[in-house]
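# Examination of the molecular architecture
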Amino acid sequence: DISMVATPFLPSDPLYRYSWHLKNVGGADQGNGVEGVDIRAEQAWTRYTGKNVLVAVLDDGVEATHPDLAANMWTRPGTITVSSDPNLANGLPVASGRDSAGDNHGTAVAGVIAGVANNGIGSTGVAPDARLVGYRVLGDGSANFADALLQSLADGAQVLNNSWGYTVPMLSTEAATLAAALRVA
């Protein structure tokens, strides 16, 4: 059930003024962009802010303790149902619990999606009330793509973000397994 917004809000986060993708006012702060060329987030926020929506980020891990994400991170109440892969547990990079050098794309993506609004930190996400869950499918010690996809569905994710590019060809068996998982989705 996606909830309607009771009272519209305008973000007060310190970096919101640079978020041209949410509200483009043009000018030097926003790279001299064209005023109004944005996703009209403020108009959307009068109706929806992502409340009751679970977004899965399949990437190189999400820093769940990041101060602009922590309040929106979802924690699985039960066990992993698809496989015993520990990387499906919470999407954190293996070992450190924080993004290591080169493993920062998932955290940035998560912030664009559901960075917490009006907390005095950073900016706000396009859906600041959505819940986030990360699955580490890129980088060292990552989970299998198909397992992560199926686990995200088992976890109840309504939106899956897969903003990764092509760098290494998949083995034909991996491609077949991923294709089968996508048919389930």
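One structure accompanies this document, and this report is about it. (Residues numbered from 1 in each chain as written. Predicted model: local features only at pLDDT ≥ 70, side-chain atom pairs only at ≥ 80, totals over all residues. Heavy atoms only, no water.)

## Brief notes about the sheet that holds strand β1 (residues 54–59)
Pairing between sheet strands relies on hydrogen bonds along the backbone, with the strands arranged either parallel or antiparallel. Read from one edge of the open sheet, 3 strands run β2-β1-β3, paired in parallel fashion. Whereas interior strands pair on both sides, the edge strands pair on one side only; in this sheet they are β2 (131–136) and β3 (159–161). Each strand axis lies, on average, 20° off the axis of its neighbour in the sheet, ignoring direction. In the sheet, β1 pairs with β3 via 3 bridges, with the strands oriented parallel. Across the sheet, Val 55 pairs through a bridge with Val 159, a residue of β3. Helix-sheet contacts for helix α2 (residues 105–114) involve β1, β2 and β3, and the interaxial angle to β1 is about 155°. (Pairing = 2+ DSSP bridges. Helix = DSSP H or I, 4+ residues; strand = E, 2+ residues; numbered from the N terminus. Axes fitted to C-alpha atoms, helices over the stretch in contact; angles between N-to-C directions. Contact = heavy atoms within 4.5 Å.)

## Remarks on the pairing of β1
Buried residues dominate β1, accounting for 6 of its 6 residues. Of the two faces of β1, the one holding Leu 54, Ala 56 and Leu 58 and the one holding Val 55, Val 57 and Asp 59 are both buried throughout. (Buried < 20%, exposed > 50% of the residue type's maximum accessible area, 1.4 Å probe, protein only.)

## Looking at unusual backbone geometry
Not every positive phi belongs to a glycine, and Asn 52 is a case in point at roughly 70°. By the secondary structure assignment, Asn 52 is in the loop between α1 (41–44) and β1. For Asn 118, which is not glycine, the phi torsion reads 55° and is therefore positive.

## Here we look at the packing of aromatic side chains
Per the stated rule, a full pass over the model turns up 1 aromatic pair. Ring geometry for Tyr 16 and Trp 45: centres 6.1 Å apart, planes at 45°, overall tilted. Of this pair, Tyr 16 sits in the segment before α1 while Trp 45 sits in the loop between α1 and β1, and the two are 29 residues apart along the sequence. Looking at Tyr 16, the relative accessible area reads 9%, which means it is buried. Trp 45 sits in the buried class, given a relative accessible area of 0%. (Phe/Tyr/Trp six-rings, centres within 6.5 Å; stacked < 30°, edge-to-face > 60°.)

## Considerations on the nonpolar core
Judged by nonpolar contacts, the single largest core of 13 residues is most densely connected at Val 55, Val 57, Val 62, Ala 110, Ile 113 and Leu 132. Where this core is concerned, the elements lending two or more residues are β1 and α2. A per-element tally of this core places α2 first, with 4 residues. Non-local contacts of Leu 132, meaning those with residues more than four positions away in its chain, are made with Leu 54, Val 55, Val 57, Leu 69, Asn 72, Met 73, Trp 74, Ala 110, Ile 113 and Ala 114. In terms of nonpolar packing, the next biggest core, distinct from the first, is built from 8 residues, Leu 54, Ala 56, Val 137 and Ala 157 among them. (Core = buried A, V, L, I, M, F, W, Y, C linked by side-chain atoms within 4.5 Å.)

## Let's talk about the side chain of Asn 72
Relative to the helices and strands, Asn 72 is located in the loop between β1 and α2. Look at Asn 72 and you get buried, because its relative accessible area is 8%. If near-sequence neighbours (up to four positions away) are discounted, Asn 72 is found in contact with Ala 114, Gly 115, Val 116, Pro 128, Ala 130, Arg 131 and Leu 132.

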